[in-house]
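# What the coordinates show
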Amino acid sequence: MLSCHPPPSLHLHLHRRSRSATFSSSHHHHPNHPPPNAPDPVLRTHNSTTTSLLLHHHTATTTTNNITKNPSQEIENDHQQHRDSVQTNDSKPATRQLIIPPQEKLNILEVSLVSKRAPLFPGSIYSNSLPSLQSVFRTQSDTQRLESYDDEDEEAIIMRALEIRRKVTAEVFKGAMKKGKFGITYSTNLVNRLSEFIDHVMIEAAALKRLPEFEDSTFNVRAKAVIDDSNVVPLIRWLKHNHLSYPKIAKLICMSKGNLDSIRRLVEWLKTIHVKGEFLGVTLLKSGDDILQRRIGELDEIVEYLESNGVKRDWMGFVISRCPRWLSYSMEELKMRVEFYLNMGMNEKDFGTMVFDYPGVLGQFTLEEMNQKVNYLKEFGLSTEYVGRLLAFRPQLMGCSIEERWKPLVKYLYYLGISRDGMRRMLTIKPMVFCFNLEITIAPKVQFFRDLGVRDDAIGNMLVKFPPLLTYSLHKKIRPVVIFLMTKAGVTEKDIGKVIALGPELLGCSIVKTLEVNVKYFLSLGIRVRQLGEMIADFPKLLRYKVDLLYPKYRYLRRTMVRPLPDVIEFPRFFSYSLEERIIPRHKIMVENRVNFKLRYMLACTDEEFNKRVADKIERRRRFESYCLNDALADSQTAEGTLEKAAVVDCPPNENAFSNIPVND
């Protein structure tokens, strides 16, 4: 027969119930033991689990003590101690007979709540989470130390109990994931991010206790029923199939606040407007916290309104996936944003293409920020309509900060000698320049030009003349072209700065397709590398023309005009003039009027200047010819006079000289 001898400070009186047992340390079920005169006070009630633990613990303690003591004397001492304790309880009802510190209470609670696991083979990856029985209770020698925990914090105990419940719920959820054929690592990573949903399951499982069918069920059964009814595991499988990672899936489930059907419903709607699978998660997460609570009809209304203002239906998925914040706007706010751009002179076509190029222009900024940026662009001398066309062409301007991007850039350009008109030209020709980072993109290129020998004022003129220069990569485009010009095209280090300053467009040409082909062509004409470098320094655009345009001009020069090669070396701009509209007509005029000019004076002038030069040339020739004719006439007259004088000298002085001659009849 089982006998238990608890310490004097521990008196347990347990009443028999269904699923519980009452135990009293004063009842040893001895046949000769008389019943007590007064009823025993009920101090603490335990269930079957904790009762068995108490019996096991105290049975081992009393067995050790009975080795050295008389059993009958021990029983008598226990009865006396019990009577003393009852009298003490009657005199001091407020005194606590059982001192249990908070840690032991938590251990008992954890033992009662943590789900039990089936026995596993050695080396299993699962570990038993149940605490050891020896750590649940402490020995009697620790009673004095445990008395200091009388004022334990009840709130901490409750929070600890909730934490245990969360762990139990998480284990149940992992079991459901394992049943759904998910891996251990994936399930663990996902559950670690589902704290809000775990709390929801825990609350719903506790609420099921009120239902009759779950009145006698354990918490694990109720939690499993909640998880199965929510269909969260099939939803996770479906979202994973739609290219959503587990962090996005976890965040979506927490955003749903238990309404998991809204996730599937919204994903199906996004597919109808052509949102791709890899962008579904981004669209759902960045469209606002209340997106899952919005009706499908409201979302359809937004799409129809955008479609009526130029955003094509085929573009809608691309646009919304890049700027999902639209879906969180009300119709009134969305209309205000659309009318903001339409009032700047945009038509529906321009508005639609602008939204397609940069979806954030409509939903990423507040109306106040949009007004500030438009007003700042007007300070360059642009009208409202022109700003509208500028934003339609380059909507990325709206994504630039005034204080962090535009003002430092304007100040930097001002120090390079660029006026407001020059900045306006740069803004209108290449507005993307105002979207670049000053320190990373623009300043290194300007410093590179300085190192080549280009002055600051010349750099400013270069940027105004050719704004796309700042859009080229320094290491992939600008520097390789400079190296090619100095090594292959014969440009000296002294002239390279002049070449870049006069022809910044040359830096935008392809080395393989344009520059190298032209260099080979000019060298094939018999031009030396040094001479070619001088030609490029005189006319940097020489290497930009296609060979198909250069060959007919050179052939006409050599065969028809019969000009030597040094004429081209002296005036390389010859290749810049039109053969049909400039070279051939003027050459015909020169042939008809029998005049000849150098190529520089023949082509580098307007038609009026050329005609004047031809007329002057003809007049000079006429004067020369007339002068020569007069000289010839004068010479001829002088020669005739000389001949006459010579004839007079040879003739007789008068006619009477012949009269003295006798005449024969």
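Heads up: these notes are all about the structure in this document. (Residues numbered from 1 in each chain as written. Predicted model: local features only at pLDDT ≥ 70, side-chain atom pairs only at ≥ 80, totals over all residues. Heavy atoms only, no water.)

### Overview of the environment of Tyr 246
- Its place among the elements puts Tyr 246 in helix α10 (residues 246–256).
- With relative accessibility at 25%, the residue Tyr 246 sits in the partly exposed group.
- Along the backbone, Tyr 246 and Ser 187 are 59 residues apart, and their C-alpha atoms lie at a distance of 9.1 Å. (Helix = DSSP H or I, 4+ residues; strand = E, 2+ residues; numbered from the N terminus. Buried < 20%, exposed > 50% of the residue type's maximum accessible area, 1.4 Å probe, protein only.)

### A word on the environment of Leu 327
- By the element assignment, Leu 327 lies in the loop between α14 (316–322) and α15 (331–342).
- Separated by 44 residues in sequence, Leu 327 and Thr 283 have C-alpha atoms that sit 9.2 Å apart.
- Once residues within four sequence positions are removed from consideration, Leu 327 is found in contact with Trp 269, Leu 270, Thr 283, Ser 287, Ile 291, Arg 294, Leu 299, Ile 302 and Ile 320. (Contact = heavy atoms within 4.5 Å.)

### Points about a negative patch on the surface
- A surface patch of like charges, here negative, comprises Asp 300, Glu 301, Glu 304 and Glu 332.
- Counting residues per element, the negative patch draws most heavily on helix α13 (residues 296–308), at three residues.
- Along the polypeptide, Glu 301 turns up in helix α13. (Patch = residues over 30% accessible without salt bridge, like charges linked within 9 Å, V, L, I, M, F, W, Y side chains within 5 Å. Areas by Shrake-Rupley, 256 points an atom, 1.4 Å probe, with all protein chains shown as cover. Salt bridge = Lys/Arg side-chain N within 4 Å of Asp/Glu carboxyl O. Lys, Arg positive; Asp, Glu negative; His and termini not counted. Charge placed at Lys NZ, Arg CZ, Asp CG, Glu CD.)

### Points about a positive patch on the surface
- A surface patch of like charges, here positive, comprises Lys 465, Lys 541, Arg 544, Arg 573, Lys 598 and Arg 600.
- Counting through the fold element by element, Arg 600 comes out in helix α31 (residues 599–603).
- Judged by its relative accessible area of 38%, Arg 600 is partly exposed.

### Concerning the pattern of salt bridges
- Inspection of the entire model under this criterion finds 17 salt bridges.
- A salt bridge links Glu 516 to Lys 520; the shortest N-O distance between them is 3.8 Å. Residue Glu 516 and its partner Lys 520 are located together in helix α26 (residues 511–524), separated by four residues, close to a single helical turn.
- The partner of Glu 619 in a salt bridge is Arg 623, and the shortest N-O contact between them spans 3.2 Å. With a gap of four residues between them, Glu 619 and Arg 623 both fall in helix α32 (residues 607–650), about one helical turn apart.

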